[in-house]
Amino acid sequence: MYLTNAELWRTYWECVSRPYTVFICSLTAALYYLWGRKCQIPILICSEAFSAFLYKHCPVVSERFCPTPWCWGGRLQTLVCALLKSKPTVFYRNELIRTVDGGQISLDWVDNHTSRTYPEAKTRPTVLILPGLTGNSQQAYVLHAVSQATRRGYRSVVFNNRGVGGEELLTPVTYCAANTSDLERVVQHVKGLYPQAPVLGAGVSLGGMILLNYLARKRTESGMVAGITISVAWDALRSSDSMEEPLNWLLFNKHLTNGLRQKVSRHRKILEKVVDVDYVLKARTIREFDERFTSHLFGYKTCVDYYRDASPAKKLPNTSVPILCLNAADDPFSPQSAFPVAIVQALPNVALLLTDHGGHIAFLQGLFPRGESYMERLFGQFVQAVFEHPGEIKRACRIKKDELSQHQHDCKQ
């Protein structure tokens, strides 16, 4: 028995005119339309020469960034990334090194002895990774970064801030965004082991602040050939204000403050020699924690003084190596109003890559955003571009010959 054309159209119309069908189709169309509008090419702010280098060797900067369709907002991106992001299997070799004040720093290495690109350890490029506020080598974004570096034949070493890598505090000293002495010790150690191997610094969130402050402080004597940062808070004061907005406090600030309190509690025996631990443990926000603990520990009169010293934006003109910085406009940790656009526009060696969406250390793409995301692809391409085209990037960033000579001299020491 066959249906006539009229009967076929009648049956079709009955199906598509049902309320749930209309709703599903309308919702799908709306989502597709909105998702299409969210897909935009990131804004690249840097010198013409540096941008030409990046467009040539890091093609991801010129691609449209399409955030996960059901995960647009910065807060949702950040939360979903923290909950769903996969963790590649990485086997570390741990090393504890001592500091001048008698403390110790935990380093997690991936030596990559099977590298075909760089079979000799003495010349194998090294990626030095600095995690975020309460992070360590086990964070998903660190594991993905290590995976990116390993597959390209490079060595990785994760610099765990004091007290967060599983080691004990030997002295009543931890870490903060403004203090770069521990990073300096780590770089000296890495360069001492492999003086002929170039080192690239990669900092995430607070780790990026430490890296930028270090590069600005050391200038031509940093021991690094380049740097990359992800989701840096450019102005610590504005970042703190943003994090204390009611919803941000509930979703992020409260959790991070709890993590900081736990670390103080774990090392209570040695820290109570220099701070009132009970008072510190009553902190409800990161600002209160920094006021009661960090500022006191590192000799600042107030938390405001610490935040001003920790903010890296105005220090960028003092840096002397190529630096790529990735930020999202909807990052709840780093407000867009604090992005150093005008400063970067005047510098030959710094590039600021801005996406409309991406949240904080997220930049999720695809329907099921568990694996490699935009920031991992950017990280991998930039690291490879730096190590494989050293002369070209130095020319693009107008690195002076005397600065190069000084850097080479420092590497030989």
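These lines cover the structure that appears in this document, whether it is placed above or below. Just so we're clear, the structure is a prediction, and the values are computed from it rather than from any experiment.

Our focus in this paragraph is the overall build of the chain. Helix and strand counts for the chain come out as 17 helices and nine strands. By the burial criterion, 55% of the 413 residues in the chain qualify as buried. Taking all contacts inside the chain whose residues are at least 6 apart in sequence as the whole, residues at least 24 apart take part in 77%. Summed over all atoms, the accessible surface of the chain reaches about 19200 Å², with 56% contributed by carbon and sulfur.

What follows covers the pairing of strand 8 (residues 323-328). Here strand 8 lies mainly inside the structure; six of its six residues are buried. What you see with strand 8 is no split at all: Ile323, Cys325 and Asn327 on one side and Leu324, Leu326 and Ala328 on the other are buried throughout. Taken together, the four bridges between strand 7 (residues 226-230) and strand 8 define a ladder with parallel strand orientation. Looking at strand 8, one finds that Gly227 is bridged to Ile323. Bridge count between strand 8 and strand 9 (residues 350-355): six bridges; the pairing is parallel.

The interhelical angle for the contact between helix 12 (residues 286-297) and helix 13 (residues 303-310), taken along N-to-C directions, is 95°, at an axis separation of 9 Å. One way to sum up the angle between helix 12 and helix 13 is to call them roughly perpendicular. Counting all contacts with helix 12, which are made through Ile286, Arg287, Asp290, Glu291, Thr294 and Ser295, the residues of helix 13 involved are Cys303, Tyr306 and Tyr307. Its residues assigned to classes, the contact of helix 12 with helix 13 shows four nonpolar, two polar and three charged.

Time to look at the sheet that holds strand 9. Adjacent strands of a sheet form backbone hydrogen bonds with each other and so pair up, either parallel or antiparallel. Strand order across the open sheet formed by nine strands is 1-9-8-7-6-4-5-3-2, with mixed pairing between neighbours. The sheet is open, and its two borders are formed by strand 1 (43-45) and strand 2 (93-98), each paired with just one other strand. Across the sheet, the mean angle separating the axes of adjacent strands is 20° when strand polarity is ignored. For strand 6 (residues 199-204) and strand 7, the ladder comprises five bridges, and the chain directions are parallel.

Next up on the list: the pattern of salt bridges. Using the criterion set out here, one finds 18 salt bridges in the structure. A salt bridge links Glu120 to Lys122, with the shortest nitrogen-to-oxygen separation between them at 3.9 Å. On the basis of relative accessible area, Glu120 is assigned to the partly exposed category, the value being 45%. As a salt-bridge pair, Glu272 and Arg268 come within 3.7 Å of each other at their nearest N and O atoms. According to the relative accessible area criterion, Arg268 is partly exposed, its value standing at 29%. A network of salt bridges, in which partner residues are shared, links Asp101, Arg162 and Asp182.

What follows concerns helix 15 (residues 374-388). Residue pairs spaced three or four apart in an α-helix point in one direction, given the helix's 3.6 residues per turn. With 15 residues, helix 15 should cover 21 Å at 1.5 Å per step; its first-to-last C-alpha distance of 21 Å lies within 8% of that length. Burial runs high along helix 15: 12 of the 15 residues are buried. Those residues of helix 15 lying buried are Tyr374, Met375, Glu376, Leu378, Phe379, Gly380, Gln381, Phe382, Val383, Ala385, Val386 and Phe387.

Right, let's talk about the nonpolar core for a bit. Grouped burial of nonpolar side chains is what soluble globular proteins tend to show. With 67 residues, the main nonpolar core has Leu128, Leu183, Met224 and Trp234 as its most contacted residues. The element contributing the most residues to this core is helix 7 (residues 206-218), with seven residues. If you look at the next biggest cluster of nonpolar residues, it comprises 47 residues, including Phe53, Val60, Ile393 and Ile399.

As a further point, take a nonpolar patch on the surface. On the surface, a nonpolar cluster with roughly 620 Å² of combined accessible area is contributed by Trp70, Leu83, Leu84, Leu367 and Phe368. Tracing the backbone through its elements, the reader meets Trp70 in the loop between helix 3 (48-57) and helix 4 (74-84). Overall, Trp70 belongs to the partly exposed group, its relative accessible area being 42%.

Our next topic: the packing of aromatic side chains. What the rule picks out here adds up to nine aromatic pairs. Ring centres 6.2 Å apart and planes at 65° place the aromatic pair Phe65 and Phe363 in the edge-to-face group. Here Phe65 is found in the loop between helix 3 and helix 4, whereas its partner Phe363 is found in the loop between strand 9 and helix 15, with 298 residues between them in sequence. Taking 5.9 Å as the distance between ring centres and 45° as the angle between the ring planes, the aromatic pair formed by Tyr118 and Tyr154 counts as tilted. One end of the pair, Tyr118, is in the loop between strand 3 (104-110) and strand 4 (126-130); the other, Tyr154, is in the loop between helix 5 (140-151) and strand 5 (155-160), with 36 residues separating them in the sequence. Grouping residues by exposure puts Tyr118 and Tyr154 together as buried. Linked through ring pairs, Phe65, Phe363 and Tyr374 together constitute an aromatic cluster. For Arg155, the ring lying beneath its charged end belongs to Tyr194, and the centroid distance is 3.6 Å.

Procedures and definitions
Residues numbered from 1 in each chain as written. Predicted model: local features only at pLDDT ≥ 70, side-chain atom pairs only at ≥ 80, totals over all residues. Heavy atoms only, no water. Helix = DSSP H or I, 4+ residues; strand = E, 2+ residues; numbered from the N terminus. Buried < 20%, exposed > 50% of the residue type's maximum accessible area, 1.4 Å probe, protein only. Contact = heavy atoms within 4.5 Å. Areas by Shrake-Rupley, 256 points an atom, 1.4 Å probe, with all protein chains shown as cover. Pairing = 2+ DSSP bridges. Axes fitted to C-alpha atoms, helices over the stretch in contact; angles between N-to-C directions. Parallel < 35°, antiparallel > 145°, perpendicular 65-115°, else oblique. Nonpolar A, V, L, I, M, F, W, Y, C, P; charged D, E, K, R; others polar. Salt bridge = Lys/Arg side-chain N within 4 Å of Asp/Glu carboxyl O. Expected span 1.5 Å × (residues − 1). Core = buried A, V, L, I, M, F, W, Y, C linked by side-chain atoms within 4.5 Å. Patch = residues over 30% accessible without salt bridge, like charges linked within 9 Å, V, L, I, M, F, W, Y side chains within 5 Å. Phe/Tyr/Trp six-rings, centres within 6.5 Å; stacked < 30°, edge-to-face > 60°. Lys NZ or Arg CZ within 6 Å of the ring centre and 35° of its normal.

So yeah, pure geometry; function would need other evidence.
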